[in-house]
Structure formats: C-alpha cells, structure tokens
Number of protein chains: 2
Amino acid sequence: MRAASATCAAAAVLVLVAAAAAAQPSDVEPAWREVAPGVWKATIGTPDSLTLLSAAAARPKSEGLRTMAPSTFPFAEGAVRARPQKGKIALRFPLGSDEEVYGLGVDFRSLRRTGSALRLHVDHWGGRPGRTHAPVPFYVSDRGYGVLVDAARYVDFWVGVGVRLAAEEKPPVIDRTTGGAAWSSRPRSDSVEALVPAPGVEVYVFGGPTAMDAVRRYNLWCGGGALPPKWGLGFMARTPTAYGAREALGEVAEFRRRGIPLDMLGLEPGWHDHAYPCSFDWDEKRFPDPAGFLAELRSRHVRANLWFNPYVSPTAPLYERLLPYAGSHLVWNGIVPDYTIPEARKVFADHLWDEVVSLEPAAVGGFKIDEVDGYDHWLWPDLAVFPSGHDAEQLRQTYGLLLQRLLVDLHRRANRRTLGQVRGTNGGASRFPFVIYNDNYAFDEYVTAVANSSFAGVLWSPEVRSGDGEDMLRRVQTVCFSPLALFNGWATATKLWTHAEVEGDIRAAILLRMRLLPYWYTTFAQYHDEGTPVVRAMPLVAGFEAEAAAAAGRLDATANPYAAGRVVEAKDQYMVGDSLLVAPIAPGERARRVALPAGKWFDFHTGGLVGEGPTVVELEPPLSRIPLLVKDGALVPLVEERQWAPGPDEVLALEVRHYGERPGAMRLYDDDGETFDYETGERSWTRLAVDRDERGSWRGTVTPDPSGEGWRYGDVRWRFMTP
Amino acid sequence: MRAASATCAAAAVLVLVAAAAAAQPSDVEPAWREVAPGVWKATIGTPDSLTLLSAAAARPKSEGLRTMAPSTFPFAEGAVRARPQKGKIALRFPLGSDEEVYGLGVDFRSLRRTGSALRLHVDHWGGRPGRTHAPVPFYVSDRGYGVLVDAARYVDFWVGVGVRLAAEEKPPVIDRTTGGAAWSSRPRSDSVEALVPAPGVEVYVFGGPTAMDAVRRYNLWCGGGALPPKWGLGFMARTPTAYGAREALGEVAEFRRRGIPLDMLGLEPGWHDHAYPCSFDWDEKRFPDPAGFLAELRSRHVRANLWFNPYVSPTAPLYERLLPYAGSHLVWNGIVPDYTIPEARKVFADHLWDEVVSLEPAAVGGFKIDEVDGYDHWLWPDLAVFPSGHDAEQLRQTYGLLLQRLLVDLHRRANRRTLGQVRGTNGGASRFPFVIYNDNYAFDEYVTAVANSSFAGVLWSPEVRSGDGEDMLRRVQTVCFSPLALFNGWATATKLWTHAEVEGDIRAAILLRMRLLPYWYTTFAQYHDEGTPVVRAMPLVAGFEAEAAAAAGRLDATANPYAAGRVVEAKDQYMVGDSLLVAPIAPGERARRVALPAGKWFDFHTGGLVGEGPTVVELEPPLSRIPLLVKDGALVPLVEERQWAPGPDEVLALEVRHYGERPGAMRLYDDDGETFDYETGERSWTRLAVDRDERGSWRGTVTPDPSGEGWRYGDVRWRFMTP
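The structure presented is a predicted model; accordingly, all values stated were derived computationally and were not measured.

Trainee: Is there a simple way to explain the overall build of chain A in this structure?
Mentor: Helices and strands together make up the secondary structure of chain A, namely 14 helices and 32 strands. Relative to its length of 723 residues, chain A is compact, with a C-alpha radius of gyration of 27 Å against a globular reference of 27 Å. Projecting the C-alpha coordinates of chain A onto the three principal axes gives extents of approximately 100 × 75 × 55 Å. When the 723 residues of chain A are sorted by exposure, 65% land in the buried category. Within chain A, contacts between residues separated by at least 24 positions form 74% of all contacts whose residues are at least 6 apart in sequence. For chain A, the computed accessible surface area is about 24,000 Å², with 51% contributed by carbon and sulfur atoms.

Trainee: I tried to follow the sheet that holds strand β29 (residues 664–671) of chain B on my own but got confused; where do I start?
Mentor: Note: strands within a sheet are paired through backbone hydrogen bonds, in either parallel or antiparallel orientation. Residues and elements named next belong to chain B. Spatial ordering of the open sheet is given by β29-β30-β31, a layout of 3 strands whose pairing is antiparallel. Each edge of the open sheet carries a strand with a single partner, namely β29 and β31 (698–703). Averaged over all adjacent pairs, the angle separating strand axes in this sheet is 20°, with direction ignored. By the bridge criterion, 6 bridges tie strand β30 (residues 683–692) to β31 in an arrangement that is antiparallel. Pairing of R687 across the sheet is with T703, part of β31.

Trainee: Help me out: how do you make sense of empty space enclosed by the protein in this one?
Mentor: Over the atoms a probe the size of a water molecule is rolled, and this reveals where empty space is left. All names here are of chain A. The final tally for this structure, using the stated rule, is 17 cavities of 30 Å³ or more. If you go around the largest cavity, you meet 19 residues; those closest to its centre are E268, K368, D370, D439 and W490. For the lining of the largest cavity, the class distribution of residues is 8 nonpolar, 2 polar and 9 charged. The volume enclosed by the second largest cavity comes to roughly 120 Å³. Class assignment of the residues belonging to the lining of the second largest cavity gives a composition of 7 nonpolar, 2 polar and 9 charged.

Trainee: Mind showing me how you'd approach the relation of the copies chain A and chain B here?
Mentor: Two chain copies, one operation linking them: a rotation about an axis together with a shift along it. For the match of chain A to chain B, the screw axis carries a shift of 0.0 Å, the RMSD comes to 0.0 Å, and the turn is 180°. Taken together, the rotation and translation describe the operation of a two-fold axis. Here 100% of the contact residues of chain A are again contact residues in chain B; the copies associate through an equivalent surface.

Trainee: I tried to follow the environment of D468 of chain A on my own but got confused; where do I start?
Mentor: Residue and element names in this part refer to chain A. Positionally, D468 belongs in the loop between β19 (459–460) and α12 (469–479). Distance from D468 to H124, taken between C-alpha atoms, is 26 Å for residues 344 residues apart in sequence. At 2.8 Å, the side chain of D468 forms a polar contact with the backbone nitrogen of D471.

Trainee: Looking at this structure, I do not really get the side chain of T418 of chain B. What am I missing?
Mentor: All names here are of chain B. Turning to its location among the elements, T418 is positioned in the loop between α10 (392–412) and β17 (420–422). Looking at T418, the relative accessible area reads 5%, which means it is buried. A polar contact of 2.7 Å, which involves the side chain of T418, links it to the backbone oxygen of G365. The residues contacting T418, other than those within four sequence positions of it, are P228, P229, W231, G365, G366, V408, H411, P433 and F434.

Trainee: Would you take a moment to explain the interface of chain A and chain B for this structure?
Mentor: One widely used convention gives an interface's size as the accessible area the parts lose upon coming together. Opposite the 92 residues of chain A that make contact, chain B presents 93 residues. Surface buried jointly by chain A and chain B totals about 7,300 Å² across both partners, of which 58% is contributed by carbon and sulfur atoms. Area buried by chain A at its contact with chain B is led by L165, L383 and Y562 of chain A, which between them contribute 10% of it. Seen at the junction of chain A and chain B, the total is 2 salt bridges. The closest approach of N and O atoms between D391 of chain B and K86 of chain A, which form a salt bridge, is 2.5 Å. Joining chain A to chain B, the criterion identifies 38 residue pairs in polar contact (both at pLDDT 80 or more). Breaking the side of chain A that touches chain B down by element, the ones donating at least two residues are α1 (2–23), β3 (81–85), β4 (88–94), β6 (116–122), β10 (155–159), α4 (176–179), β11 (191–196) and α9 (342–355) of chain A.

Trainee: When you look at unusual backbone geometry in this model, what are you seeing that I'm missing?
Mentor: The bulk of non-glycine residues show a negative phi, and the bulk of peptide bonds are trans. Residue and element names in this part refer to chain A. Between G208 and the following residue, P209, the backbone shows a cis peptide bond with an omega angle of 20°. Tracing the chain through its elements places P209 in the loop between β12 (200–206) and α5 (211–221). Unusually for a residue other than glycine, K86 sits at a positive phi of about 50°. Positionally, K86 belongs in the loop between β3 and β4.

Trainee: Would you explain the pattern of salt bridges in this entry?
Mentor: Should their charged atoms come close, side chains of opposite charge can pair. All told, the structure shown has 116 salt bridges over all chains when counted by the stated rule. A salt bridge links R131 of chain A to D123 of chain A; its shortest N-O distance comes to 2.9 Å. Judged on exposure class, the residue R131 of chain A and its partner D123 of chain A are both buried. In this structure, a network of salt bridges that share partners links the residues D48, R153, D391 and E393 of chain A together with K86 of chain B.

Trainee: Is there a simple way to think about the pairing of strand β20 (residues 485–488) of chain B in this case?
Mentor: Every other side chain in a regular strand lies on the same face of the sheet, so the side chains alternate between the two faces. Residues and elements named next belong to chain B. Neither face of β20 is open: one carries A485 and F487, the other L486 and N488, and all of them are buried. As judged from the 4 bridges shared by strand β13 (residues 235–238) and β20, these two strands associate in the parallel manner. Within β20, the position partnered with M236 by the bridge is L486.

Trainee: How should I be thinking about the packing of aromatic side chains in this particular structure?
Mentor: Residue and element names in this part refer to chain B. Scanning the model with the defined rule gives 89 aromatic pairs over all chains in all. Where F280 meets F308, the ring centres are 5.5 Å apart and the plane angle is 65°; that geometry is what we call edge-to-face. With F280 in the loop between β14 (264–267) and α7 (290–299) and F308 in strand β15 (residues 303–308), this residue pair connects regions lying 28 residues apart in the sequence. For F308, a relative accessible area of 0% corresponds to the buried category.

Trainee: So what exactly am I meant to see when it comes to the sheet that holds strand β1 (residues 33–36) of chain B here?
Mentor: Residues and elements named next belong to chain B. Strand order in this open sheet of 6 strands is β1-β2-β12-β9-β8-β5, and the pairing throughout is antiparallel. The sheet is open, and its two edges are formed by β1 and β5 (101–103), each paired on a single side. When the angles between neighbouring strand axes are averaged without regard to direction, this sheet yields 30°. In the sheet, β1 pairs with strand β2 (residues 39–45) via 3 bridges, with the strands oriented antiparallel. Across the sheet, residue E34 finds its bridge partner in β2, namely W40. On top of the sheet, helix α5 (residues 211–221) reaches β1, β2, β8 (138–141), β9 (145–150) and β12 (200–206); it is set at about 155° to β8, its chief contact.

Trainee: Would you mind going over the packing of helix α13 (residues 500–515) of chain A against helix α14 (residues 517–530) of chain A with me for this structure?
Mentor: Helix-helix packing is described using two parameters, namely the angle between the two axes and the distance between the axes. All names here are of chain A. Their axes nearest at 5 Å, the elements α13 and α14 cross at an angle of 55°. With respect to each other, α13 and α14 are oriented oblique. Across the interface between the two elements, R513, M514 and R515 from α13 touch L517, P518 and W520 from α14. When grouped by side-chain class, the residues that make up the contact of α13 with α14 number 4 nonpolar, no polar and 2 charged.

Trainee: Sorry if this is basic, but what is going on with the confidence of the model for chain A here?
Mentor: Parts of the prediction with low pLDDT should not have their coordinates interpreted in detail. The predicted model of chain A averages 95 in pLDDT, with 96% of residues at 70 or higher. For this predicted complex, the interface confidence comes out at an ipTM of 0.95, alongside a pTM of 0.95.

Trainee: For this particular structure, what's the right way to read α12 of chain A?
Mentor: Given 3.6 residues to a turn, an α-helix orients residues that are three or four positions apart in the same direction. Residues and elements named next belong to chain A. Within α12, 11 of the 11 residues are buried, which leaves the element mostly enclosed by the surrounding structure. Looking only at α12, the buried set comprises G469, E470, D471, M472, L473, R474, R475, V476, Q477, T478 and V479. Tucked into the core, α12 has its buried residues touching α11 (443–453), β20 (485–488), α13 and β22 (574–576).

Trainee: Teacher, can you tell me more about helix α12 (residues 469–479) of chain B here?
Mentor: Packing partners of the buried residues in α12 of chain B comprise α11 (443–453), β20, α13 (500–515) and β22 (574–576) of chain B. One side-chain oxygen of the residue at the start of α12 of chain B lies 3.3 Å from the amide nitrogen of E470 of chain B, identifying that residue as D468 of chain B.

Trainee: Hey, could you run me through the nonpolar core in this one?
Mentor: Within soluble globular proteins, side chains that are nonpolar generally end up buried alongside one another. One finds F367, W380, L496, L516, L580 and F604 of chain A to be the most contacted residues of the largest nonpolar core, which totals 177 residues. Of the residues forming this core, the biggest block, 10 residues, is contributed by helix α10 (residues 392–412) of chain A. Dropping the residues within four chain positions of it, L516 of chain A is found in contact with F481, L580, F604, V636, P637 and L638 of chain A. Counting 176 residues, the second largest nonpolar core, distinct from the first, contains F287, L403, I506 and I626 of chain B.

Trainee: Which parts of the structure should I look at to understand the environment of E569 of chain A?
Mentor: Residue and element names in this part refer to chain A. The topology assignment puts E569 in the loop between β21 (535–537) and β22. On the basis of relative accessibility, which here comes to 16%, the residue E569 falls in the buried class. It is 48 Å that separates the C-alpha atoms of E569 and L322, two residues lying 247 residues apart in sequence. If sequence neighbours within four positions are ignored, E569 has contacts with S110, L111 and R112. Reaching out from E569, the side chain makes a polar contact with the backbone nitrogen of R112 at a distance of 2.7 Å.

Trainee: Mind showing me how you'd approach the pairing of strand β4 (residues 88–94) of chain B here?
Mentor: Residues and elements named next belong to chain B. Of all 7 residues that make up β4, 5 are buried, and the element is covered over most of its length. Pairing between strand β3 (residues 81–85) and β4: 5 bridges, direction antiparallel. In the strand pairing of β4, Q85 is matched with K88. In this structure, β4 lies alongside strand β11 (residues 191–196), joined through 6 bridges in antiparallel fashion. Each residue of the ladder has a partner; that of I89, found in β11, is V196.

Rules used throughout
Residues numbered from 1 in each chain as written. Chains lettered and ligands numbered in written order. Predicted model: local features only at pLDDT ≥ 70, side-chain atom pairs only at ≥ 80, totals over all residues. Heavy atoms only, no water. Helix = DSSP H or I, 4+ residues; strand = E, 2+ residues; numbered from the N terminus. Rg over C-alpha atoms; globule rule 2.2 N^0.38 Å. Buried < 20%, exposed > 50% of the residue type's maximum accessible area, 1.4 Å probe, protein only. Contact = heavy atoms within 4.5 Å. Areas by Shrake-Rupley, 256 points an atom, 1.4 Å probe, with all protein chains shown as cover. Pairing = 2+ DSSP bridges. Axes fitted to C-alpha atoms, helices over the stretch in contact; angles between N-to-C directions. 1 Å grid on protein atoms, 1.4 Å probe; cavity = no way out; pocket = protein on both sides within 12 Å on 5 of 7 lines; lining within 4 Å. Points joined across faces, edges and corners; volume = space filled by probe spheres on them. Nonpolar A, V, L, I, M, F, W, Y, C, P; charged D, E, K, R; others polar. Least-squares fit on C-alpha atoms with pLDDT ≥ 70 in both. Polar contact = N/O pair within 3.5 Å; in protein donor to acceptor, adjacent residues only side chain to side chain. Buried area = accessible area lost by both parts, 1.4 Å probe. Salt bridge = Lys/Arg side-chain N within 4 Å of Asp/Glu carboxyl O. Phe/Tyr/Trp six-rings, centres within 6.5 Å; stacked < 30°, edge-to-face > 60°. Parallel < 35°, antiparallel > 145°, perpendicular 65-115°, else oblique. pLDDT = per-residue confidence, 0-100. Core = buried A, V, L, I, M, F, W, Y, C linked by side-chain atoms within 4.5 Å.

Put into structure tokens, the structure is as follows:
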C-alpha cells in the first residue's frame, strides 16, 4: 500500500516539477563582440541606461589598447552562461580548480576573493566584504583575464562557492566526523556566479595573457588612469575644522619654518558658512577675504583643497537653484541633488566656479568629497525617489563618480588639473585623480587596501592623524609611499611636530617623498598612458609566487567552529611603480617578513643585496626607515630635497640611481605638471639606460624624446648604488 | 545673457522633471480590515504565495485574541502609505518624535531599533544589524502597537532615519561647525519606512494599549506561543561529536553519579553515518543498536536530542527519494530539498519516523536543526533555483520555519510534544518549541539576545561550552534562567565537573532550575494561551522607565567621528515570567547595576528588600548566586530538588513562596507534561492566592480549577519569605 501510494505521489510530483521546470528560466550563452583589441563585450537583456561607465563618462583610450600585445578570449565557447530570472540577470563564469580571483572592490582584509560570497555596495568600510568605498564589480583571475559587470546596482558575487547540482565535476563528498583534514568547510564550486538586480546588463571581458595585462585593459577601457598635477604628489595637511584664514596661514608658516614640505592645505567644514548640511559659501568670519587668502596661499607655493559633502543646506543660496533636482529624502537635513541630470551638475559646478575656483584657479587645487559612501542610516534610503527616474540604488552606486566627473570638468575650465579626495567611488573611475580615505585607522587594513586598490582602478591612501611619536612616524612613512601623502588634522590638536623625538625622522620621510617625485610622476604617467596601476599588489607582480593556503585549521567551538584553514597572503606589502617594493612596518613592530618576487632585491638606501627571490626574508629596519627594496637593474630618478613641487618654469637637477647587478632602462615622463597641454603634445618620454662600458664599468645614457617637449631637467647625475 | 539662458534651461528641466514626476510611483493608503479583535490587515499589490506565516502554517488563536481587552487602530486615517515601485512595495508608517521602536528581529547588541537602517536577512549573527537567526519583520512601538510585514523576503527598514523632503515637520537645520551639542549626527525622520522586494505584501497591525498587548496579539495571531514538554525545561547536555552509544550512556551515568540534573542528551553529528552532508541513518559502529540505546536512555529518565543539518548526502538512501525536490545548488555537497513542497516534507518526515522517532518515541525528545541560517558562502546563492518555483531568497527566509513545522508534526504522530533547537527561524514561529543558539560566545551579546527574543516571538538561549571555573559557573547560572538550560560539549573535552572548585555551585544552579519547574511551566502556558513571552525585555515590563539617550558624545576622529551620543539601555537584564527579574553577572565581574521597575523588589533567596523602583541599584552577589529579584506580592511555586522532570504519573509536593509586603495571586498551570491531551481538556489552571487573615498574618489559599484535570501536586506548603 505504501509503495503504491508513494509511486503515485512521486508521479504527481514529477508532473508538478516538470511543469515548474518548464516555467524555469533557462541559460543562454552571451554573444561576445571584440570591441577593442583584447576587450570583449556582451549585452544581456535590457541594460539600465545609467551604469558605472556611463556615470563616469568613461571613454576607452584606444591608442593604449592598440599598443598592447594581442590576446585571446579566455573562456571556452559556451562556457559563460547568462540567465534572465524574474527581472534579474544571473551570470556564470567558469572557475578552474586552482584558479585565484582578486578584485571585486577595495577590501581591507584580504586580497583573495576566492571562496567568498559578497554583495558590492558603496558604503564606508566596516568589516563586511563588499561594503566598501569602491565596490568595483571587476574581478581579476590569476589565469590572466578580468571580468567587469557594468551595473550601477548592488551586484552579488559567489566566487568559487555554491556548488551546483548539475556541475560536471563536483568536490569529493567527505564525512566530516571521520574525514579529518580531508573535509573542507568550503567545498569549491566550478564557477564565479553573479546576480544583477536589473533586467539587463553589459559585461566586459579583458584579456591577458597576464593578470596585469587584464588590469591594464580594464583601466584603458575606462579611459586610462589618472594623471594628477605634480603638486598633487607632494604633501597634504588638512587643518582643524574651525580654522580660518589666519590659522591656516599660520599652519603653512609653521611648515615652512620647520622645513617640512607642504604642497596642499586642506580646509575642513569650517570654510563653509554652514556645514552638515553644506552651503558652499565662504564663512565671513573665518574667511573674510577668500580671494586674498587664496592668493597668499599661492604665493607660499601651497594650494587649497576644500572639504564638502554634497548635501545642500536650506540656508544656502544654492539651495533654491538645486531644489528642482532634489531627491525625495534628505541627508543631514540637506537635499540630495540628482547629479545624473546635466543641468543639476551645471548649477553646482557654476556655483563652485563662481564662489571658489575662479577666485584663483591656480590656488584651488581641488576638493574632498566626503560622505558619498554611507552609512545606510545617513544616506538616502533605497526607496528614495529621484527626479531623473533612476533608482536610489543606482544613485548610491554612482554618486561619487558623478561628483568626481563634475569636478574634473570644473577645473578643466581653467585648463588646470586637480587632485582631490573622495570617500565613495566605483568602476569606471580610473581617470579620476581622487584618492579614497576613511575614518578607520587599523594599520594592517590600511595597507591591504593600498594593495587591493590596484585591482580596482582606484587610488587609496591611509592618512596620519594623532598618536604617540612612533605611531605617527610609522604612519607618515607609509603615507609617503601611498598615492596621497596626507596628514589629517581635522579633529585633533596634534601636529607633525608635536612629538619632538620623531620630528626629524618625519621630516626626512616627507623629504624623501619629494625627492622621488620624478619616479612617482612617471609611474602615474604609465597609469595614464598604459593603464598600469600606480601601486601593485604582489599577485600582479611578475615573478611573485602566491603562498598556498594553509592546511585545515584547529577546531574551536567559538573561534573556529568549522576548522577553517588559514590563508597566508602577502597583503601587507606592495610595489610602487616598476621598481620599488614597499613593506610598511606597523607602529610597535620591530621586524617583519617580506616576500620577494623572483630575482635579486636591493636596499634602497645602501644598494646592498637584501635577498634573492622567490623567498621570504626577515628585516629589522631602524625606526627611521620603512623597508624599501629595489629590483635588480632598476633605475630610480630623484630630484634634490625641496619644500614644494616644481612649477612649470623650473629646471631641476636629476639624480638617477642604478641598483643591482643587471643593466637597466626606464622611460622618464615629464610635462608642465599643471595643465592639460600634455594632451596636445606638451610632454616627453625620455629614455634613461644603464649598461656596462668596454671596461665593465656602469655608464648611464640619456636619450631625449625626439618629439618631446616638456623635459624640465637640467644636469643628470648618475649614482651606481650597488658596489 | 547668462540669466536668459539659465531661465530657458531651467524651464526645459522643469518640463523634464514634471514628465518624470508624472511617471513616478504614487502613494496609496492601504485598506485596513479588522481580522480579529485588535488585529488589522491590509493587502498591497499581489503578495507572494509563500510568506512567513504560510511557511509556518500559522493559524490564529482566536479564543486568546477574543479575551483581550478591546483596542483601537493606532494610526490616524491616511497616515500609513504604500507605494508600488518597480516591482517592489515601499511602506511608510508614522513615527512620533519621541517614540521608541523595538523588535525587527533578534539583535545581539541593542534593544532599540530607533535610528537604524537594516535589512532583515536570515543569517548567523556576526555583528551586522538585521543579519541574524530570527530577522522577524515585526516591530513594536512603546506607544503600544506592533506592525508585521509578512514577507519571506529581505525586507529593508529605516526606523526614524531618512528625513523626507516632503515631511511636514523636519528637524532643525544646525551648522555642525558652530552648533555644538545641538547638532545631531542622526536627524530624526517622522516615519518607519520599509521596502519589500516583491510586487505585493500583507501587512498586519496589532493594537495595544500597551507594547506587551501588541506582542501578545502578534504571538496569538501566529497561533499562540510554544508549550514545550516539562522535560524540555530540565537540563540538556550535548555530547562530543564522535560519541557513540557507550560514551553517551557513560555521560548520563556521570551526571547521575554526581547528582547533576539531566533530562536531555544531545547527540551531535556522530550519530549519522555521514555528516556534512548528512545521511540521517544511524552509524553502525557508534550506534550498533539504536533502539536498545534509546530504551536504555529512557530508563534513565533521559531523552535524546539529535543534531542534523538538512543537507542530504549522496551516500544516503534518503538521497534518491529527495533528489526530485532538490534545489540547483548544494550545501556542503548535499542537496537542499525544497520543503515548500508537501511531498518532500513527507519523504523526510517518514524517514525520520522510520529511522529514529518510531524506535522509541518517548526517548527521542527532538532534534537540533543546524546551519539553516548562514553564512552566505555556505548556503545556496540567491540565484539558486528550486522546483517549486519559489525564489531562493524565500527559501532562505523560511527554511528553518519549514523544518520546525515538519518536526512538530512528526512528533505529533506519536502524540508527543517536542523540544528542539534551531539556528534559523523567522516570523510566525511563536508556536514552535525550538530554541535558537549560535557559535558566538560574547556574554553581553547573549544576554541582550535573550531580552530581544521577547519582541520576536522566538526563544533564544545562550549555552555553556568551556572556560575556566568562574566563566562556566556564571554561564551555567545564566542558561538556567534562559528558556533552554544547555551545556554544549560538541567540540570540547570539558565537562560541568572539570573545575572541581565550582562543581557544587554549578550543581546548585541546575537544581534551582529544577525546583522552579512549576514557575517555568506556568510561564510557558501563559505564552501558549495568552501570547505573553516567557522572557520579557525591560521595555515590555509595566512600570519600567527606559533611560534617556545620553547627550552628544565626545568627538574622536577614529572612534567617534560624528560625536554620536551613547544610548544607555537596560539590555543586560530581563524578566522571566511575571515575577522574576534576572540580572546575569558576566564572568570576571564582581558587581553590577540593576534597573528596577516601579514598586518594591525583593531578594529571591532571602526575601529581603533590595530596592524600590523606578531606580537603579548596585548589587554585589557572591560567585554562587546570580542576581534574582522578585516583585512585591509575587507567588513563586517550586518543587523539591530533583534529577529529572516529573512524569505524568508522579504527584509532587509544592512549595509556594510569597515575597514582599503586598498580597498576591497567580494561576498555576499543570497538565501531563508530555502529550497533546491538553488540547482536549486535560489541563488545569489552579488559583493560588496570599492575603492577610483577620490577625494580619499571611495566609495562602488554593482554589482548584473547576473543570481542571491535570493537577498533579499533592501537599502545598506555604513560605512567606519577607519578614
């Protein structure tokens, strides 16, 4: 009886299931088109009109893409699947059994994304994977390709997790009770799967053959990397919130008196007459003569960087003009203008021009765009309505992009480049010279974010605030080897000179930053022309061997209830440019291990051999030095110590150091450092080379750029560092 | 020129904006129907067929609802708004300027939800608001009403955050730079807003006049609270994973030898012949004679509780029968059967009946349903497909409900009640006798979750694992005043007797739990009949005054960059039943503050006056005691110390304690403690009362239930505790 009824019941269910299956969504294979050499695109369904690339007004840098070596589509035919599913799009990309995935935004804790499930959502970092300042939906495989899902949406990714029942190859089924270390808490799937909460999406695949090639193609597709002005690579100090013109100039004077370099002075909310929400008008008491103040700053070789968050106060004259474009919800009692609407951007940009930038374009270096990331309880809810008709979710994912774009265009009116800061950004941002920052202060997380920024086409820097002497010194050393060398004194009375015992070393670290300006600037020019990120996480570095994941971990009912193995990553070190390996030391640490890629590596200061990779060395530098290693054969160009970045009319002496035992060469970039004239030829790539002469001695040669204008170096002195 | 073109541009934009506005979704007022006294319901759009209440098979307890005092709809006409918005529903409920909101799931860090934005998503707690084991979309206002959004979806809530531009009353606009403490980092909105990612939803409003009334109505609408068997209120010890029958019986013998009470023995993954994924078949080596083992347990007055996670191993005979119902993705290599399909539930339940429960129904007390919460990297992705056609999101939000329902029905086949554990559940679960647990171990978080469970219609208990003597003792004391008194030894060799110096006090704590069985059982009967939660967070307690939020906090660039004020809540204490105030002490603490509601409160052990509320007292109990206070006039019924819960044939001596200076009364519940016969009248509510006789002495009276069967007490001894 039971068997018969079971059979009938089963049959009935099979009919039901078949009917449901017929109604189930089915996979399609996307139709890929090669839209540039090594860049493939597919359109699934009906994509949003507002995406990350459209919000960023990203236009591919075709010449850069054309000059790269050819590449082949990295997936087998039919291997990538797409499935429309109740108003969303499910995507599936193959993942090999030992393939590693990086990227998917700037994470602060790990480089690898393999084995994780995350939702990419612009937010202030707070420990959740995916909730971060630049949750870029672009991933990079160590097999040498990248994938971008161009959606201004909260896209979910499952990277090698979520084994499918229908998968051809599935992990072995192990009994946990008896399986010992063979049992894994995270069985590996054969896919990277993604869910886009929109009825369509455009997907891009960037070819290799290396992971770095894929990253370069992604950045070039976004328009190439940012080229900041030279002064943007100097030092920035942000002043306490309520500082006025008098105090600000006093701060500059103190820097100059103490011989600590300074190029940018950050004015915090106090420049507004109303902040949180903001008025975007100078406060009359604190800044009675803005034009005069800016001219004075300029005369001291300093440019201003002005803080704002974009939430406009009802007390501001600007308010009435932006009110027609306001979203349904306020942030800190200020309206949220819909900057997807060009007219709204124009109103805001015109106001900033009139009120700030036009006063003295050469003195207003840029802006700090605050609080466009999160948290959820401050920013507009996802049910907010905007006049353009775009969803609140799309505005959340693109607001920082829209503002960066607006500000870049604003400074361009004066043919000036800008360097700014931003707290929320996304895919497509590669060309924006804005550096991300946040309110956290965990040293290790800061360094990991620097490394991870190289997978995301964005710039991230830690900052220095307050602490004891060693803490501030170690952080100064670290920010001087990050894209933006920054002290942020907005909420403290502490200064760089508060701790007398480290003031000398702090000064030395910043002076070294200034000496390395040609190296930094050339590295940024590579980013601009070739899409190569300024900092490079170790997995992007040729000859680096990623360490294997540790075996199963130790079971603990509270700390490790699934006996997860620990993964060791070299996430606390990175390359700056082609030649410098930076391994920051945390405050309180005396020694640290450094993973060396293949080849010999030399000490930056002494030229001595440190080790030959691939290997791990233990270094114990003095408090006054950050571990800094140079590749074998590398050329490092430096200028003399200076207090501010050079202007277009200065001719500088150049020191070119050669390290190691091999010959080497580099192309040194130069231009006027301030304007966009480089776009019409006012630039140069000069070849520097070192080889051995007939007697076996090192010799250096300079080969000028035949078409090049913009070479502003005079004497070239060669220094062969390695005995 | 500029003015003219600006006017034209503005005009053009206004046309655009008007067009977009015309296309904008518009608000409607939901149509409310009173579906039971004090319960209103509205249907917006086209609701899902699978919701929380439908997954839980929740049927209202009409008689309980009818006996409550009448209530009025808590909102003004037209005040609640609903807006369909691109396949979702936006909801808005008014929120008064000083109104406090509680609930929205079991949070581990705070009671108040006011000022937060959260997404309710079944997950293992990990610090994120909304991501929790019971993310129930039900909130309670201190103005005395509750709202349930019955959706098996990831519902977003914004509770008093997200000020609307169109709001009639908005917070004052303060300049942060000069405003000092007047500036708030979290301007208060006039609403609770919610976003349901589905084209329709059913919403319920539960009337007061008190918050406790609203909670009771919610629980009664879900079917009334759970009534566990009496033995479920005794002590549970879970054994190490690989224990077999021999070791398990040895554990029981040790409990008995040491005189430590034990009612339930938990078998961990080792009872399966394959776990992670699971086979649901007894392992032959570890349990060669399951029926014999269960009978032996039963003879020692112990019931088994069997662990499982629901992911079925390909090695299991059950697999082939469940495969037609499997979702597209695996969890730990096991299939995820679609238990929204009745036939799938039947297959699984039949198997458990045959393999486990039917062997000895009176010995198998229940099951522990593990890993139906998260994390995201283990459970099925949101793009998974299930044969019923329901979304993966819906399955995630209801999987625990479906399994609890299945198991309750399973045990009912033998007319037996069950007590189980579950790690993921949701709204509608009030009637399920399953207690939530997790892998964390933070003491303060555990206690806050106990308090918060009272707003969510679920049961939560901390557990004891391993630690030093004081740590284990304090935790034992705390679990003995939680719904489930539980030691979990799955991953440790530690036992309750490992630390000899505290073994006596541990035994005493558990013996006190056993003495209080009549009190606990009566309290659960109140939950069952009247919907009153077993534990009560302080805001639900009459006469409790919630403390005000602290003034603006101290600014710190890292720790508190928005100078947020600290909110002090009495989240580390709660009531058990009508009369006992429990204030757990954390390991390592010597003293603690306790907030007393209005009236006098007396020490449980001595009867002495502790304080008169509303006030805060500081207590310094010895290590051997947990702070335990009794309300003025309360009656507390106890039995003698015993080693296991009483069976239906035992007649027990009853001690009734009276505390304080006022007369008092209570209704004491009793039934057979094991079966469902109480549903057909085999139960009693006996009135106990204490008042002063003519001479002014206390006297106690027992008034039997006229219709009542089920009174199993013999002698009644009265003890007037307060001198």
